[in-house]
Amino acid sequence: MASAAAAFPSLSLNQSSHFQHQTSLVTWLKPPSSALYRRKTLPFFERHSLPISASSSSSSSSTSLSVHEKPISNSVHFHGNLIESFENQDSSYAGTIKGASLIEELENPVERNGLSGRRRLFMQDPPWISALFLKGLSKMVDQTVKIEHKYIDKRKFDSLRRRQVKEETEAWEKMVDEYRDLEKEMCEKNLAPNLPYVKHMFLGWFQPLKDVIEREQKLQKNKSKKVRAAYAPHIELLPADKMAVIVMHKMMGLVMSGHEDGCIQVVQAAVSIGIAIEQEVRIHNFLKRTRKNNAGDSQEELKEKQLLRKRVNSLIRRKRIIDALKVVKSEGIKPWGRATQAKLGSRLLELLIETAYVQPPLTQSGDSIPEFRPAFRHKFKTVTKYPGSKLVRRYGVIECDSLLLAGLDKSAKHMIIPYVPMLVPPKRWKGYDKGGYLFLPSYIMRTHGSKKQQDALRDISSKTAHRVFEALDTLGNTKWRVNRKILDVVERLWADGGNIAGLVNREDVPIPEKPSSEDPEELQSWKWSVRKANKINRERHSLRCDVELKLSVARKMKDEEGFYYPHNLDFRGRAYPMHPHLNHLSSDLCRGTLEFAEGRPLGKSGLHWLKIHLANLYAGGVEKLSHDARLAFVETHLDDVMDSAENPIHGKRWWLKAEDPFQCLAACVILTQALKSPSPYSVISHLPIHQDGSCNGLQHYAALGRDSFEAAAVNLVAGEKPADVYSEISRRVHEIMKKDSSKDPESNPTAALAKILITQVDRKLVKQTVMTSVYGVTYVGAREQIKRRLEEKGVITDERMLFAAACYSAKVTLAALGEIFEAARAIMSWLGDCAKIIASDNHPVRWITPLGLPVVQPYCRSERHLIRTSLQVLALQREGNTVDVRKQRTAFPPNFVHSLDGTHMMMTAVACREAGLNFAGVHDSYWTHACDVDTMNRILREKFVELYNTPILEDLLQSFQESYPNLVFPPVPKRGDFDLKEVLKSQYFFN
């Protein structure tokens, strides 16, 4: 046996090079009967780097394979890393086997045929048995590893799920405990703790509000049913301390997110508080019934609790989570309704107004009495319907004291935020209110109180809408994490005062001082300046609160391995994350701070798409170049890219010039890692790469109408570089204005405006109007969009001139659109005509999307429902029985197209999941890993063609005719001859 490899030339374990030492070569003879080879007698142990060494005992009747945990010279490496050891070999291998020569070494090391070492067992013939045995061994090892990983993953999952349940059910409880502890500390030390601004206020309000709620609970309880207040049965359902915390946080949350001139509408505040109390009552009652026994419980109550706990635990153990959650809903608590919520909310709001005070900074002398002012005041506000109108509307508001508003934006991070991202995957959607969060109320669609839409959703079966459920589950199961490097940069810039990279300025603009002159024109100008400064400050305050809320969620989630966003739909079928603040549909700040939790190697194509992605984020016209030109742009700026990644704050700050600076910085970081790596293709990337539609609404209209010219204008046809519809429209607008500017100003008043505007017309001026035209933008909407763009340019400063210029520009832009997209306009008109016919018969327009989702337009004339509360008479708006014909007609074309782009996104999401891709969607922007962009591009094009190969408009007309047989509808507009298969070859369709 001078060479084992030579001795057994037919054996191939990836050839003999896989053996470190030829002396360790082991083969087994095929046994003559199954009795000689029993797999169950070969127990094994999981080892990640253990050599196999075969040993035989001196006994002729048994052979054993011993485990060696440390590598020895005589070792066999299977597949480069799978190395296992065995012991307790079955004795059935003993003795001489027919056709084999058994060589048994002695117990002590001896020289034999030039080989020395431990006793080794070599068995010849045939070679196939080695491969067969090792295949079985590999399967056994894989199964054991999977079982252990599954066990570890289950423990980890259970731990995360417990945390998620606590987040959803105990947030208010924790806040109550915190205020109790702070009060205790304050009493013990006779000193107010050093707290953030908002918590300092809450601590001052907590005890007085808790006391008056307790007093109100006792008062209502002692009254007879005849004289009890309408809210009495509900104010008793929660402990006073928890109710106080909910009222304070809900009210301040409204102040931060939606106040106008420091005022919140009473209806909005009362209903919001009522809804929050109702949600907590459900959770509180469930926990109360399922927690450990209380001392005062009767024998019957104890038995009921025990049975309930057993039932819930059994269901959870069997992974029947949906059934377990049904126990919560079977508590016998019926939905309260808006009237009940408003009445309870109004009374609690009234108690807050009575007990909440603020104190100005102490500037008085030590002998003076400190000044205290109410934090909130109830008053009535009168507003006109529009400037100059005699029609007025009077409604109640809660006015916040200026001291309360000051500094509030710095304390947003201390607020309780409901519906935070989930630590475990969301519940799978099974129906209208079955899915999403574990305990928090979750609905598959945001119906905004439309009973007709709710009824339509409740009536559909899981079989009908299973593809919609599947798509929402796919989006919800995408795992995210916080990009700490980007969050670090954001925090530093924010701490330095913001006003950079799209962050709002943390300081207010100064209010102009009143002039000493009594000149009416000067005073009028001053009033305009003050009004404008106040408006800017209100906007800044709101934006600062928004940034703080986003950052507070990012700080909370940054140490998590990953988290998930449950998704639901708007009434048109577009998907949105249910968490409102830090999500990928939000601003550049959020998108830059988020990344996929799972990383994947870049690969060659991934590096290619990463560079294109970076060019797209930098924008400034670069995103409209060909792919090769975008790649060349990045190559010429590699020094800037690396400087941005390595020194984002104190370097050249090239990334700040990008249109999406934080996303651009995130791309710079990963590209720098790849370029500096000796193996750039193997660098792990967590960065989502975007592929965006080219004016996606018009793409859908072009596919519906099959117009070749329009299809080419929006990149449904392949081209050397992307077609830019916005540039095309701006050129046409420029031509019209140039023609108008040559006219006589006296006979044509637009001539003067055209001369001023002709130098300001560019792609950016018309982009938003073109983008939203297919979504039903009105003339007024277009005017406001263009006015904002003209304000940004700063050429026209006079308010009246600015307004007139915006009016003229909007008319010209809409006219240019109508000229170029004639087929799209024809389809829009047809959809509007159909909607008018249906609505004129007092029916809301309804249709079913290609994925089986029923859509009902909710536009009805609302009816006022007066509710008498302790605070004031509230006028609640509720859905009436008369449809709004105008809204039904104007909203149907954009809503129908939205339902189609939502359908395309959901079809793509499911197909990407089936292909093993991570996927996220932002309406017409599809995201995946860099290495998977080519696959996603193929899928999204195939799904678009699949969607529009169905007769969508014909099916819609047929459904209208079947639903309304007595109505007559116009025929579907004629189609063009565009071949949809061209989309499959268009690289700039989504790019």
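Small disclaimer: the values here were computed from a predicted structure and weren't measured.

Thresholds, definitions, all that
Residues numbered from 1 in each chain as written. Predicted model: local features only at pLDDT ≥ 70, side-chain atom pairs only at ≥ 80, totals over all residues. Heavy atoms only, no water. Helix = DSSP H or I, 4+ residues; strand = E, 2+ residues; numbered from the N terminus. Buried < 20%, exposed > 50% of the residue type's maximum accessible area, 1.4 Å probe, protein only. Contact = heavy atoms within 4.5 Å. Pairing = 2+ DSSP bridges. Phe/Tyr/Trp six-rings, centres within 6.5 Å; stacked < 30°, edge-to-face > 60°. Salt bridge = Lys/Arg side-chain N within 4 Å of Asp/Glu carboxyl O. Axes fitted to C-alpha atoms, helices over the stretch in contact; angles between N-to-C directions. Expected span 1.5 Å × (residues − 1). Left-handed = near helix turned anticlockwise from the far one by under 90°. Nonpolar A, V, L, I, M, F, W, Y, C, P; charged D, E, K, R; others polar. Core = buried A, V, L, I, M, F, W, Y, C linked by side-chain atoms within 4.5 Å. Polar contact = N/O pair within 3.5 Å; in protein donor to acceptor, adjacent residues only side chain to side chain. Parallel < 35°, antiparallel > 145°, perpendicular 65-115°, else oblique. pLDDT = per-residue confidence, 0-100.

Caption draft 1: Examining the overall build of the chain more closely. If you tally the helices and strands in the chain, you get 31 helices and 24 strands. Burial analysis of the chain (991 residues in total) assigns 49% to the buried set. Long-range pairs, those at least 24 residues apart, make up 70% of the contacts in the chain with a sequence separation of at least 6.

Caption draft 2: Structural context of the pairing of strand β24 (residues 925-929). For β24, a buried count of 5 out of 5 residues is recorded, marking the element as mostly surrounded by other parts of the structure. Pairing between strand β18 (residues 688-692) and β24: 5 bridges, direction antiparallel. What sits directly across from I689, in β24, is T928. The pairing of strand β23 (residues 920-922) with β24 spans 3 bridges and is classified as antiparallel. What sits directly across from G921, in β24, is Y926. Between β23 and β24, which pair antiparallel in sequence order, lie 2 residues; one of them, H923, sits at a positive phi of approximately 60°.

Caption draft 3: Representation of the packing of aromatic side chains within the structure. Applying the stated rule across the entire model yields 21 aromatic pairs. Plain terms: the ring middles of F571 and Y859 are 6.2 Å apart, the flat faces sit at 85° to each other, and that makes the pair edge-to-face. Highlighted residues: F571 in the loop between β13 (567-570) and β14 (575-577) and Y859 in the loop between β20 (854-856) and β21 (863-868), separated in sequence by 288 residues. A relative accessible area of 13% means that F571 is categorised as buried. Three or more aromatic residues joined by ring pairs form one cluster here, namely F919, Y926, F944, Y948, F989 and F990.

Caption draft 4: Summary view of the pattern of salt bridges. Applying the stated criterion across every chain yields a total of 45 salt bridges. One salt bridge in this structure joins E167 and K556, with 2.9 Å as the shortest N-O distance. Separated by 389 residues along the polypeptide, E167 in helix α2 (residues 128-169) and K556 in helix α15 (residues 520-557) bring together distant segments of the chain. A salt bridge links R572 to D570; the nearest nitrogen and oxygen atoms lie 2.6 Å apart. D570 shares its class with R572; the two are buried. Ionic contacts of the salt-bridge type, sharing partners, join the residues E491, R506, E548 and R555 into one network.

Caption draft 5: Representation of the sheet that holds β18 in the model. Strand order in the open sheet made by the 3 strands is β18-β24-β23, with antiparallel pairing throughout. A single partner strand is all that each edge strand has here, and the edge strands are β18 and β23. Pairs of neighbouring strands in the sheet enclose a mean axial angle of 25°, with direction left out of account.

Caption draft 6: Main features of the sheet that holds strand β11 (residues 479-482). Taking strand neighbours across the sheet as the criterion, the 3 strands line up as β12-β11-β15 in an open arrangement whose pairing is antiparallel. The open sheet has two edge strands, β12 (563-564) and β15 (594-596), and neither has a second partner. One ladder, built from 2 bridges, connects β11 with β12; its direction is antiparallel. When the sheet's bridge partners are listed, K479 is paired in β12 with Y564.

Caption draft 7: Looking closely at helix α23 (residues 725-741). Taking 1.5 Å per residue as the helical rise, α23 with its 17 residues ought to reach 24 Å, and the 24 Å between its terminal C-alpha atoms agrees with that figure. Along α23, the residues that are buried comprise V725, Y726, S727, I729, S730, V733, I736, M737, D740 and S741.

Caption draft 8: Seen up close, the packing of helix α13 (residues 466-476) against helix α29 (residues 885-914). Following both chains from N to C, one finds α13 and α29 inclined at 65°, their axes separated by 9 Å at the closest point. When the axes of α13 and α29 are compared, the crossing they make is left-handed. Contacts from R467, V468, E470, A471, T474 and L475 in α13 reach M905, M906, A909, V910, R913 and E914 in α29. Considering only residue class, the contact of α13 with α29 consists of 7 nonpolar, 1 polar and 4 charged.

Caption draft 9: View of the nonpolar core. Within the largest apolar cluster, 111 residues are counted, with the highest numbers of intra-cluster contacts made by L716, I729 and F821. The leading source of residues in this core is α29, at 12 residues. Not counting residues within four places of it along the chain, the set of residues in contact with L716 comprises Q699, A702, A703, A711, F944, F978, E982, V983, S986 and F989. Core analysis: the next-biggest nonpolar cluster, separate from the first, contains 60 residues, L423, L631, L638 and C664 among them.

Caption draft 10: How the structure looks around the side chain of S899. Position of S899 relative to the elements: it lies in helix α29. Owing to a relative accessible area of 1%, S899 belongs among the buried residues under this scheme. With sequence-adjacent residues up to four places away left out, S899 is seen in contact with R572, W847 and T849.

Caption draft 11: Structural detail: the environment of L219. For L219, the location among the structural elements is in helix α4 (residues 197-222). Here L219 falls in the partly exposed class, since its relative accessible area comes to 44%. Sequence separation between L219 and A232 is 13 residues; the distance between their C-alpha atoms is 9.2 Å.

Caption draft 12: Here's a closer look at the side chain of N505. Secondary-structure assignment places N505 in the loop between α14 (484-495) and α15. A polar side-chain atom of N505 sits 2.9 Å from the main-chain amide nitrogen of E507. Setting aside anything within four residues of it in sequence, one finds N505 in contact with G497, N499, R540 and R544.

Caption draft 13: Highlighting the packing of α14 against helix α20 (residues 661-676). At a minimum axis separation of 10 Å, α14 and α20 run at an interaxial angle of 135°. With respect to α20, the axis of α14 lies oblique. Considering only the axes of α14 and α20, their crossing is right-handed. Residue-level contacts link K485, I486, V489, V490 and L493 of α14 to F662, L665, A666, V669 and Q673 of α20.

Caption draft 14: Spotlight on helix α31 (residues 952-963). With 12 residues, α31 should cover 16 Å at 1.5 Å per step; its first-to-last C-alpha distance of 16 Å lies within 8% of that length. Among the structural elements, α21 (696-705), α28 (822-840), β19 (846-848), α29 and α30 (933-948) are those in contact with the buried residues of α31.

Caption draft 15: Just the confidence of the model for the chain, in detail. Predicted confidence across the chain gives a mean pLDDT of 78, with 74% of residues reaching 70 or more. Residue range residues 1-118 is modelled with pLDDT below 50. Its contacts to residues more than four positions away, or to other chains, number 221 contacts.

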